[in-house]
Amino acid sequence: MAAKTQPKGHNLRKRRGKSSTDNDIDPSNSNNKGDNKKCNNTSSNSKKKKSTGIRGQQHRRKNENDDREGIIGKVSRIEVVSRFVVIIIAALLFFVNLRQSNVKDGNNSTHINNYDTNDPILQKAHTFLSNFICQAHQNGHCHPSLQSIPQRRTHMVSGAKPNINSGEDVLILPRRYQIWDLDAMREPMFIQKELFGARHEKTNRTIDSGAFLAAYLVRRYRLARGIWEEEEEGMSRTNNEEGNNIMLDDEDEMLPFFDILPTYQNLSSYHPILWTEDVRTKLLGKHTVSYDLVKAYGDMIESEYDAFATQSTIFASRTTKEEYTTMRINVMSRSFGPGPPGLEEEISLAGDKKSLNEELEHYITHAGVDLSKGCRAMSPILDMYDHHAKPNVEWRYRSDQRAFVVKANRGGIKPNHDVMVSYGKYTDSHLFAKFGFVNGDGSGHTEAKIAVYHQLFDVGLGQQFSYLPNEGISKTTGEIIDPSIKRLRIKDMMRYLQYDDGYDKCIGAPRYTSSSSGEDGDNDDNNRSKGPTEHELAPELKMLKLKYLVRYADDRSIWTLTMPPRNDTSKPAATPQIPIVTSPPKFDTRGGGNFKFDASKVIATCRLIVLTHTDFGGNAIEMLSDALKKNAENNNDEKPFLVGRDTDELEYRALSCLIRFTDLQLSRYPNSIENDMDFLIGESSPAFQSRAWTAAHVRLGEMQTLEALRSISISGAIQMREKIEKKNKQNGDKGGRNPLLIVRNKPCSPQ
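These numbers come from a predicted model, not from an experiment.

Here is what the cut-offs are and how they apply
- Residues numbered from 1 in each chain as written.
- Predicted model: local features only at pLDDT ≥ 70, side-chain atom pairs only at ≥ 80, totals over all residues.
- Heavy atoms only, no water.
- Helix = DSSP H or I, 4+ residues; strand = E, 2+ residues; numbered from the N terminus.
- Buried < 20%, exposed > 50% of the residue type's maximum accessible area, 1.4 Å probe, protein only.
- Areas by Shrake-Rupley, 256 points an atom, 1.4 Å probe, with all protein chains shown as cover.
- Core = buried A, V, L, I, M, F, W, Y, C linked by side-chain atoms within 4.5 Å.
- Contact = heavy atoms within 4.5 Å.
- Phe/Tyr/Trp six-rings, centres within 6.5 Å; stacked < 30°, edge-to-face > 60°.
- Lys NZ or Arg CZ within 6 Å of the ring centre and 35° of its normal.
- Salt bridge = Lys/Arg side-chain N within 4 Å of Asp/Glu carboxyl O.
- Axes fitted to C-alpha atoms, helices over the stretch in contact; angles between N-to-C directions.
- Parallel < 35°, antiparallel > 145°, perpendicular 65-115°, else oblique.
- Left-handed = near helix turned anticlockwise from the far one by under 90°.
- Nonpolar A, V, L, I, M, F, W, Y, C, P; charged D, E, K, R; others polar.
- Pairing = 2+ DSSP bridges.
- Disulfide = S-S within 2.5 Å.
- Polar contact = N/O pair within 3.5 Å; in protein donor to acceptor, adjacent residues only side chain to side chain.
- Arc of directions from axis to C-beta.

Counting its regular elements, the protein chain contains 24 helices and 13 strands. Expressed as a percentage of its 751 residues, the buried residues of the protein chain come to 47%. Accessible surface for the protein chain amounts to roughly 37300 Å². Of this, 49% is attributable to carbon and sulfur atoms.

Attention shifts here to the nonpolar core. Generally speaking, nonpolar side chains in soluble globular proteins are found buried as a group. Residues Val-170, Phe-212, Leu-217 and Phe-308 are the most contacted members of the largest nonpolar core, which totals 96 residues. Contact partners of Val-170, with chain neighbours within four places excluded, come to His-141, Cys-142, His-143, Leu-146, Ile-164, Val-393, Val-406, Lys-407, Ala-408, Ile-413 and Val-419.

Here the structure, examined in full by the defined rule, presents 31 aromatic pairs. Ring plane angle 80° and centroid distance 5.3 Å describe the contact between Tyr-426 and Phe-435, whose orientation is recorded as edge-to-face. Connected via pairs of aromatic rings, a cluster forms that spans Trp-180, Phe-336, Trp-395, Tyr-397, Phe-404, Tyr-423, Tyr-426, Phe-435 and Phe-437. A cation over a ring is seen here: Arg-489 above Phe-457, with NZ or CZ 4.0 Å from the ring centre.

All right, on to the pattern of salt bridges then. Tallied over the entire structure, the rule returns 36 salt bridges. With its nearest N and O atoms 2.6 Å apart, the salt bridge here joins Glu-359 to Arg-186. Pair noted here: Glu-359 is in helix α14 (residues 356–367) and Arg-186 is in helix α5 (residues 181–186), with a separation of 173 residues, a long-range link. Side by side, Glu-359 and Arg-186 carry an identical accessibility label, which is buried. The partner of Lys-295 in a salt bridge is Asp-299, and the shortest N-O contact between them spans 2.9 Å. You can see Lys-295 and its partner Asp-299 sitting in helix α11 (residues 289–311), four residues apart, about one turn around the helix. Shared partners join several salt bridges into a network, and the residues in it are Arg-175, Asp-183, Glu-345 and Arg-402.

Okay, the packing of α11 against helix α15 (residues 428–435) next. Two numbers describe how α11 lies on α15: the axes approach to 9 Å, and their chain directions differ by 30°. Classed by the angle they form, the pair α11 and α15 counts as roughly parallel. Seen along the crossing, α11 lies across α15 with a hand that is right-handed. Taking contact as the criterion, the partners of Val-289, Ser-290, Leu-293, Val-294 and Tyr-297 in α11 are, on α15, Ser-429, His-430, Phe-432, Ala-433 and Lys-434. Its residues assigned to classes, the contact of α11 with α15 comprises six nonpolar, three polar and one charged.

A word on the sheet that holds strand β1 (residues 141–142). Within the open sheet, the four strands sit side by side as β1-β4-β10-β9. Their pairing is antiparallel. Sheet topology places β1 and β9 (393–398) at the edges, where each strand pairs with a single neighbour.

Turning next to the state of the cysteines. Applying the stated criterion across every chain yields a total of two disulfides. Here Cys-134 is linked by a disulfide to Cys-142, with a sulfur-sulfur distance of 2.0 Å. Sign of the S-S torsion, about -65° for the bond between Cys-134 and Cys-142, identifies this disulfide as left-handed. The buried category is assigned to Cys-142, whose relative accessible area is 12%. Here Cys-506 pairs with Cys-748 through a disulfide, and the sulfurs are 1.4 Å apart. Residues Cys-506 and Cys-748 are joined through a disulfide that is left-handed, its torsion about the S-S bond being -90°. Residue Cys-506 is found in the loop between α16 (483–496) and α17 (525–529), and its partner Cys-748 is found in the segment after α24 (691–730); the two are separated by 242 residues along the sequence. Regarding the disulfides, the protein chain carries the connectivity 1-2, 3-4 under sequence-order numbering of its bonded cysteines. Looking at the unpaired Cys-606, the closest cysteine sulfur is the one in Cys-657, lying at 3.2 Å.

Attention now goes to the pairing of β9. Where β9 meets strand β10 (residues 403–408), six bridges bridge the pair, whose relative direction is antiparallel. Within β10, the position partnered with Glu-394 by the bridge is Lys-407. Following β9, the chain reverses through four residues before pairing antiparallel with β10; Arg-402 in that reversal takes a positive phi of roughly 50°.

In space, the three strands of this open sheet follow the order β5-β7-β6, with antiparallel pairing throughout. Each having just a single partner strand, β5 (179–180) and β6 (335–339) make up the two edges of the open sheet. In the sheet, β5 pairs with strand β7 (residues 375–378) via two bridges, with the strands oriented antiparallel. Looking at β7, one finds that Ile-179 is bridged to Met-378. The sheet strands contacting helix α13 (residues 321–334) are β6 and β7, and the helix crosses β6 at an angle near 55°.

Residue placement: Asp-500 occurs in the loop between α16 and α17. Residue Asp-500 is classed as buried on the basis of its relative accessible area, which comes to 7%. When the C-alpha positions of Asp-500 and Arg-744 are compared, they lie 7.8 Å apart, and in sequence the two are 244 residues distant. Not counting chain neighbours up to four residues away, the residues in contact with Asp-500 comprise Cys-506, Ile-507, Gly-508, Lys-542, Arg-744 and Cys-748. There is a polar contact of 2.8 Å between the side chain of Asp-500 and the side chain of Lys-542.

Right, let's get into the pairing of strand β12 (residues 446–449). Residues of β12 alternate between two faces, with Thr-446 and Ala-448 on one and Glu-447 and Lys-449 on the opposite face, all of them buried. Relative to strand β13 (residues 560–563), β12 runs antiparallel, the two sharing four bridges. In the strand pairing of β13, Thr-446 is matched with Met-563.

What helix α10 (residues 277–284) keeps buried is the set Arg-280, Leu-283 and Leu-284. Buried residues of α10 fall within an arc of 80° about the axis and therefore sit on the same side. For α10, the exposed residues set more than 90 degrees away from the buried face come down to Asp-278 and Lys-282. Remark: Gly-285 follows α10 within two positions and exhibits a positive phi of approximately 85°.

Okay, here's the thing in structure tokens:
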């Protein structure tokens, strides 16, 4: 929170007041000069008159003086009042213009670097921002126009300095002052000896490199503070080619960075990973996109800690879960990607002659960590800059300089504006789950899911974490081979097929077979050629659909939808403490808007669910069977088969299916779109960037995504229905019941 400072206009107002008062009492002002001129004219005229004696002259002078003083007094009071009014009006106009200018250019009181110097936390932040890298560090650089803002823990361009122009270096962070996961993996006596080989207990999956980096940072910080009991002399050195070898009795030059990292208490105030289950459900709803992501990150961290504690008694006895969780969240939210390590990272450790490639292969073999796909680096100063989809700088790691280089974007950075970077292309839901905030201006993508009857084991964390057991999927066919998972998936996927849309009568549950195509001896091509009945074909297709859904139950591409930004022209405010917009963003679904998105995969999923054996000219069974065979034969390298568009009847059922799923998913949120819109702008609206404000913006984006998909599906279904009815009328159809248009509101119960 920014320290309270005196507004810039305050001193100006005092100076103006003083000027007004001085003029009011100054006998030499212009009005008084005019009055003196009038007195001189009166005296001149009196000289032309004949004197009537001393007493008469004295009497006339007295009367003239009285008249003169009365007139002067009356005029002076009127002019003083009028002048005062003019001054007040001018002052008001000045401050109105100043305020507007401040809002536009960011020159408001929160930017004044006037913080409480007695506050040790703010003083520590100021010292770090001003000195670390920015004061004559080897190969490091901070632009001279940068100013420390400890209240916001960031840099801004000083109001007393010129712009930072496009292309200018804003920050250069040398490799020496970065801590990579590669550095962690190279630590021999703790990370390699104690933690290599750890695996997630429930899934037997390997641990992400970020976990090793977090454990390494906890130990390194404790060593620097002298609170890590070290028994072995061999646990003494951390290697870095540039020479920052850390001896146990040396002072770690990264200690100021460790001291500035957010604590558990800091993170608890805003980061959703540390929310209780009750709070998470209350604010995000149950099994929504944001809920699932936040829960997955929390489960990942807890599972990593348990894996390390099981692997190493030293880790378990010297690292608390709170310490590890704090550092792990800091690694997640504050590390940047330098890319795969190049030859410049190759070093010769004592007695170790491995090449870089051999070293990386060693980590794959012994820890399951593949750094050839990219590293992550803790990056002091750079990690303190805030995020926006349209930043004013761009960053990249330059291997030739062995440094992160931050340059001003086109347009540069104006005075009194914070440095703003981009953390990457995250949806608002993922940005919130990982970093703990959203901008609330609609500049980020939004996300929603139609997986209403099952939980995705792949929650979108990539290689970091998955709920799917390592041995649960066949490496060749991609089929689920874990019996317990398979039973769960069959049960879940049957719920999608329980409506039997497109059929006059309910079909019932099919018998799940073990073959990839789903064909048994009773359901082969020869038997179908003999003319099987609908009673035989419908269950066969339903079984194939079930196999497909089980096969791709965890393929996020067919169950989730990402929408483009609701406001892709939004730009960041001068500082993150200033709301970018005053009202919540929403999609512009009008024809002239930029509302374009690709829902082809989720619609294809619905087409599969409502597919009947009569679709595609009666070849639906053969088509789906061939697709499953092809995928199995290609060693699971094929992307999911997507059911394309066929008849208007199929499209009508698919869109109706999509309406069903979006309705169900919307019902899981704790609030409606309308209520959240009112909540964010009403009289009882939450404080900007508070927990309630952030959660409301996250769920609003998800609900708006679902509602947009629902609205388009309703419109499309109506058009399809009208088109079908018109066609039937032209063909002389009397409007009898058409089974292909049957879409049930409730699950179908076989008689």
